[in-house]
Amino acid sequence: MLSFIIRRLLQSLAVLFIMSFLIYALMGLMPGDPIDLMIQADPDLTPEDQARLRALYGLDQPLTTRYWNWLTAALQGDFGFSRLFAQPVGEILWPRMWNTVLLLGLSLILSLMIALPAGIIAATRPQSTLDNVINLSAFAGISIPPFWLAILLIILFSVTLGWLPAGGMGMGEDTGLWEQARFLILPVLALTLSRVGGTIRFVRASMMEALRQDYIRTARAKGLSRRRVLVAHALRNALIPVVTILALDMGMLVSGALITETIFGWLGMGKTIYDAIMGNDYNLALMGLMFATALTLLANLLADLTYAWLDPRIKYG
Amino acid sequence: MTEVRSYDLAAGATFATEESGSPARLLWRRFRKHRLAMGSLILLIVMALAVFAAPLVEAWSGLDANRVDLMARFAAPSLEHPLGADELGRDLLLRLLYGGRVSLTVGLAAALIAAVIGTIIGLAAGYFGGTLDALLMRLTDGVIALPLLPLLIVLAAIDLTQLGIPAEIAQSQEASLYRIVVLVALVGWTPVARLVRGATLSMKEREFIRAAQALGASNLRIMAVHILPNVASPIIVATTLAVGNIILLESVLSFLGLGIQPPVPSWGNMLTNAQELMYSAPMLAVWPGLLIFVTVMAFNFLGDGLQDALDPRAGQGQGY
């Protein structure tokens, strides 16, 4: 098991390394470079000044050299300086990373709380009215544009009913925990509703598959209760593919968080990456993307370990 | 036990009565029973006709989808503007029709390209196996697991002239359309690749493939002539579902200001200002989203119905 963890960890690091180079190269293809921005700010810069500045910042070096310099600095904890925030990139990203983890974590818990019961109920009564309703809702969930859903939630709960804030974080003021939690409700709801449909459909299919197996009939035949068969025999096996799908879905969840955070003004990684790219803040965008990729890879790794824990038949060596 | 048996017998029985007519007719007969999928197909045909008739509607109504008329800002629905006018006084219905052209075209074009990429990768991985398979599947898993939207935003923001594409092409109005089709296709091929690989794996051990190999057919010929037609079902289903997903992705990118660039309307970029508008004119934020929602849902139902029709035994539960 330990060697499996180490091997998966090394694999993830390799992917992260490849991605870091790709992302770095892509950043170089974004419109303008730091010197262009300086020229905009100060039109009096002569071509000689520009060349001198380029050399000073190392922008005249080939891509691989620049990448290597950035990588060695980043590994030592020096992520550079953000242009938009005039702060070191690390200081901006760390708190925002936790804001995103909070959003993603709550959303993941909520969607499992919805998807597991809904999927199990649907699978145990296929083609019933309840199954049809759940299935239709799941279809609606995967078909709705996530940003539009967020806007509809704001129109309903903030503009019309006035119950919840339309966006922001509720930080800074001397507010209680509940006041701050109110700012979380709509973003978590929007993110969850836009992702839960796929999970419900997957739990349903996986549960149906499990219920078809011979061991279910055996368990029933030896006199176990319905509930025990459902939970201990069917669900335990049905969960294995579900965990895999949830892991693969982490990338989508991070993508969804970008939309949700941008619309609700939630200061997380997604909004930061978006703002950084729109504002030509290369250092911030670069590290933001790296953090988001690392977060996704980490979630994948955790899911693999959960998978091993759920399915003792899997041997790792 | 008896329950399972009776189900199997029942399925076999219906299968037997259906066993008349060509495969296409059989397929159509099974598909027709899926009411939601049938309804979706009709809806999509009507919608396609409507959006591609947009220039006719424009000519007939005497309005111009891009003409700014500040006197008509936020005009309420009337005979002249059946759904009202937007923040620049442009007719909403016309813009929705033109936006639909863009959204549907992007969805179909990108899904087709994605299907071609996915099919080639899936066929190669499944047929050749070994290291190539491992490599291609690692790549597929990698693409699926990445946070795609942040990466797509970077890709949508990069400067095409730095890739050696002439400025007049890179900055033309069509460029944003082509760019989005290419980008979305580049990340959308993974489901097709996995399904095609799986189907190819089970197909390549069949006798007729062995026979073709023994007769000296080239690998390319075997893949194109013998395997491809037999793995068509998963390709068709996955591509149909991909159209819906791609329309969603296009709308997200356009909404964020990185997809289709105004004044060319798309359902996504019509919602860019929705967050400011929802206080003053909420219906402007409702219509484009509703159309995306309905269209994507129709493609998903269509894919589901096709799946059931092509593979009637799968996805059936016996209950508990």
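Every chain is numbered on its own, with residues counted from 1 as its sequence reads. Chain A is the first chain written and ligand 1 is the first ligand written, with later ones labelled in order. Local features in this predicted model are restricted to residues whose pLDDT is 70 or higher, and side-chain atom pairs enter the listing and the counts only when it is 80 or higher, whereas totals over whole chains, interfaces and linings include all residues. Only hydrogens and water are set aside; all other atoms, that is, all heavy atoms of the structure, feed into the side-chain values.

Right, let's get into the overall build of chain B. Within chain B one finds 15 helices and zero strands. Taking the intrachain contacts of chain B between residues at least 6 apart in sequence as the baseline, contacts between residues at least 24 apart amount to 70%. Within the structure as shown, chain B displays about 15,400 Å² of accessible surface, and the carbon and sulfur contribution to it stands at 67%. Working definition: helices are DSSP H or I runs of at least four residues, strands are E runs of at least two. Numbering for both runs from the N terminus. The criterion used for residue contact is that any of the two residues' heavy atoms lie within 4.5 Å. To measure how exposed things are, a 1.4 Å probe is used in the Shrake-Rupley method; for residues, cover is taken only from the protein chains shown.

Summing up its helical and strand segments, chain A has 12 helices and zero strands in all. In chain A, the order of α-helices and β-strands from amino to carboxyl end is α-α-α-α-α-α-α-α-α-α-α-α. Each principal axis of the C-alpha distribution contributes one length, and for chain A these read about 85 × 55 × 35 Å. Residues counted as buried form 48% of the 317 residues belonging to chain A. In chain A, once contacts between residues fewer than 6 apart in sequence are set aside, the share between residues at least 24 apart is 73%. Carbon and sulfur atoms form 66% of the exposed surface of chain A, whose accessible area is close to 15,300 Å². Just so you know, the count uses Lys and Arg for positive and Asp and Glu for negative, and it drops His and the chain ends. Here the site of a charge means NZ on Lys, CZ on Arg, CG on Asp, or CD on Glu. The distance from the centre of the 23 positive side-chain charges to the centre of the 21 negative ones in chain A is 23 Å. Relative accessibility decides the category of a residue: with a 1.4 Å probe and only protein chains considered, values under 20% of the type maximum give buried, values over 50% give exposed, and everything between is partly exposed.

Before going further, it helps to spend a moment on the domain arrangement of chain A. Accessible area lost upon the coming together of the parts serves often as the stated size of an interface. Residue and element names in this part refer to chain A. For the domains described, the bounds stem from an automatic or database domain assignment. The assigned domain composition of chain A is domain 1 (2–89) and domain 2 (90–310). The distance between the C-alpha centroids of domain 1 and domain 2 comes to 32 Å. A per-residue breakdown of the area domain 1 buries against domain 2 is headed by Met27, Phe79 and Val89, which together make up 23% of the total. We define a salt bridge as a contact between a side-chain nitrogen of Lys or Arg and a carboxyl oxygen of Asp or Glu at a distance within 4 Å. Applying the counting rule to domain 1 against domain 2 returns zero salt bridges. By the criterion applied in these results, polar contacts are pairs of N or O atoms within 3.5 Å in which, for protein atoms, one can donate a hydrogen and the other can accept it, and in which residues neighboring in sequence qualify only through two side-chain atoms. For the pair domain 1 and domain 2, the number of links is six residue pairs in polar contact (both at pLDDT 80 or more). Looking at the side of domain 1 that touches domain 2, the elements with two or more residues in it are α1 (2–28) and α2 (34–41). With 12 residues, α1 is the single largest residue contributor to the side of domain 1 that touches domain 2. Gly falls in the polar group here, along with every residue not listed as nonpolar (Ala, Val, Leu, Ile, Met, Phe, Trp, Tyr, Cys, Pro) or charged (Asp, Glu, Lys, Arg). Its residues placed into classes, the side of domain 1 that touches domain 2 shows 20 nonpolar, six polar and three charged. Throughout, the accessible surface (probe 1.4 Å) given up by two parts as they are put together, summed over both, is called the buried area.

In this scheme Phe, Tyr and Trp rings, the latter by its six-membered ring, pair at centre separations within 6.5 Å, and the angle between planes marks the pair as stacked below 30 degrees, edge-to-face above 60, and tilted otherwise. Going through the model one piece at a time under the given rule, you end up with 13 aromatic pairs over all chains. With a centroid separation of 4.7 Å and 45° between ring planes, the pair formed by Phe139(A) and Phe301(B) is classed as tilted. Within this pair, whereas Phe139(A) is found in helix α6 (residues 129–143), its partner Phe301(B) is found in helix α15 (residues 282–310), the two belonging to separate chains. Per residue, the accessibility class of Phe139(A) equals that of Phe301(B), and both read buried. Relative to Phe255(B), the ring of Phe147(A) lies with its centre 4.3 Å away and its plane at 15°, an arrangement referred to as stacked.

Take the pattern of salt bridges next. All names here are of chain A. In total, this model carries seven salt bridges over all chains according to the counting rule given. Where Arg204 meets Asp131, a salt bridge forms, and the shortest distance between an N and an O atom there is 2.8 Å. You can see Arg204 sitting in helix α8 (residues 177–211) and its partner Asp131 sitting in helix α6, a full 73 residues away along the chain. On the basis of relative accessible area, Arg204 is assigned to the buried category, the value being 11%.

Before going further, it helps to examine the confidence of the model for chain B. All names here are of chain B. Averaged over every residue, the pLDDT of chain B is 80; the share at 70 or more is 80%. Taking the mean pLDDT of every element in chain B, the minimum, 45, falls on helix α1 (residues 2–18) and the maximum, 90, on helix α5 (residues 92–128). The pLDDT value tells you how sure the predictor is about a given residue, anywhere from 0 up to 100. Predicted confidence for residues 1–18 stays below pLDDT 50, and this span has 13 contacts to residues more than four positions away or in other chains. Across the assembled chains, the prediction reports ipTM 0.82 with pTM 0.83.

Right, let's talk about the nonpolar core for a bit. Here, nonpolar core means buried Ala, Val, Leu, Ile, Met, Phe, Trp, Tyr and Cys residues that are tied together by side-chain atoms lying within 4.5 Å of each other. Formed by 139 residues in total, the largest nonpolar core has its most connected members in Trp70(A), Phe147(A) and Ile153(B). Ranked by residue count, the leading element in this core is α5(B), at 14 residues. Shared between two domains, this core takes at least three residues from each, and those domains are domain 1 (2–89) and domain 2 (90–310) of chain A. Non-local contacts of Phe147(A), meaning those with residues more than four positions away in its chain, are made with Ile259(A), Ile263(A), Ser251(B), Val252(B), Phe255(B), Leu271(B) and Ile292(B). One finds Met208(A), Leu224(A), Leu239(A) and Ile240(A) within the second-largest nonpolar core, a separate group that totals 23 residues.

Here the focus is the side chain of Asn99(A). Along the chain, Asn99(A) turns up in helix α5 (residues 89–124). Those residues in contact with Asn99(A) that lie beyond four places of it in its chain are Met169(A), Trp266(A), Leu267(A) and Gly268(A).

With that out of the way, let us pick up the interface of chain B and chain A. Contact residues are listed per partner, giving 50 residues for chain B and 56 residues for chain A. Interface of chain B and chain A: buried area, both sides summed, is about 4,600 Å²; carbon and sulfur atoms make up 74% of it. At the surface where chain B touches chain A, the tally comes to one salt bridge. Linking chain B with chain A are six residue pairs in polar contact (both at pLDDT 80 or more), by the criterion used here. At the level of elements, α6 (130–145), α7 (148–157), α13 (232–255), α14 (274–280) and α15 of chain B are the ones that each hand at least two residues to the side of chain B that touches chain A. Element by element, the count of residues in the side of chain B that touches chain A is highest for α15(B), at 12 residues. Taken together, the residues of the side of chain B that touches chain A sort by class into 36 nonpolar, 10 polar and four charged.

A few words now on empty space enclosed by the protein. Any empty space left between the atoms is revealed when a probe the size of a water molecule rolls over them. Residues and elements named next belong to chain A. The distinction between a cavity and a pocket rests on a 1 Å grid over the protein atoms alone: a 1.4 Å probe fits inside a cavity but cannot get out, while a pocket stays open yet meets protein on both sides within 12 Å along at least five of seven lines, and a residue with an atom within 4 Å of a point counts as lining. Grid points are joined across faces, edges and corners, and a volume is the space filled by probe spheres set on the points. If you walk through the whole model with that rule in mind, you get three cavities of 30 Å³ or more. Space inside the largest cavity adds up to approximately 60 Å³. What lines the largest cavity is simply Ser107, Leu108, Ser111, Arg195, Thr199, Leu246, Asp249 and Leu253. Of the residues that constitute the lining of the largest cavity, the class distribution is three nonpolar, three polar and two charged.

All right, on to the layout of surface pockets then. Computed from the structure, the second largest pocket encloses a volume of approximately 1,100 Å³. The wall of the second largest pocket is formed by 33 residues, among which Arg138(B), Leu139(B), Asp141(B), Gly142(B) and Val143(B) lie closest to the centre. Among the elements of the structure, α1, α10 (226–264) and α12 (282–310) of chain A together with α6, α7 and α9 (173–188) of chain B are those that each provide at least two residues to the lining of the second largest pocket. When residues in the lining of the second largest pocket are grouped by element, the largest group, 10 residues, is from α1(A). In this structure, the lining of the second largest pocket is formed jointly by two domains, domain 1 (2–89) and domain 2 (90–310) of chain A, each of which donates at least three residues.

Residue and element names in this part refer to chain A. On the secondary structure map, Thr64 appears in helix α4 (residues 63–75). Taking the relative accessible area as the measure of exposure, Thr64 reaches 52% and is therefore exposed. Linking Thr64 and Phe21, residues 43 residues apart in sequence, is a C-alpha distance of 8.8 Å.

Okay, the side chain of Thr190(B) next. Residues and elements named next belong to chain B. Within the element layout of this structure, Thr190 appears in helix α10 (residues 190–203). Taking relative accessible area as the criterion, Thr190 reaches 7% and is therefore assigned buried. Sequence-distant contacts of Thr190, that is, excluding residues within four places in its chain, are made with Thr140, Val143 and Ile144.

The end-to-end C-alpha distance of α1(A), which contains 27 residues, comes to 39 Å, matching closely the 39 Å that a straight helix rising 1.5 Å per residue would cover. Of the surrounding secondary structure, the elements contacted by the buried residues of α1(A) are α4 and α12 of chain A together with α7 of chain B. Given a helix with a known number of residues, its expected span is that number minus one, times 1.5 Å.

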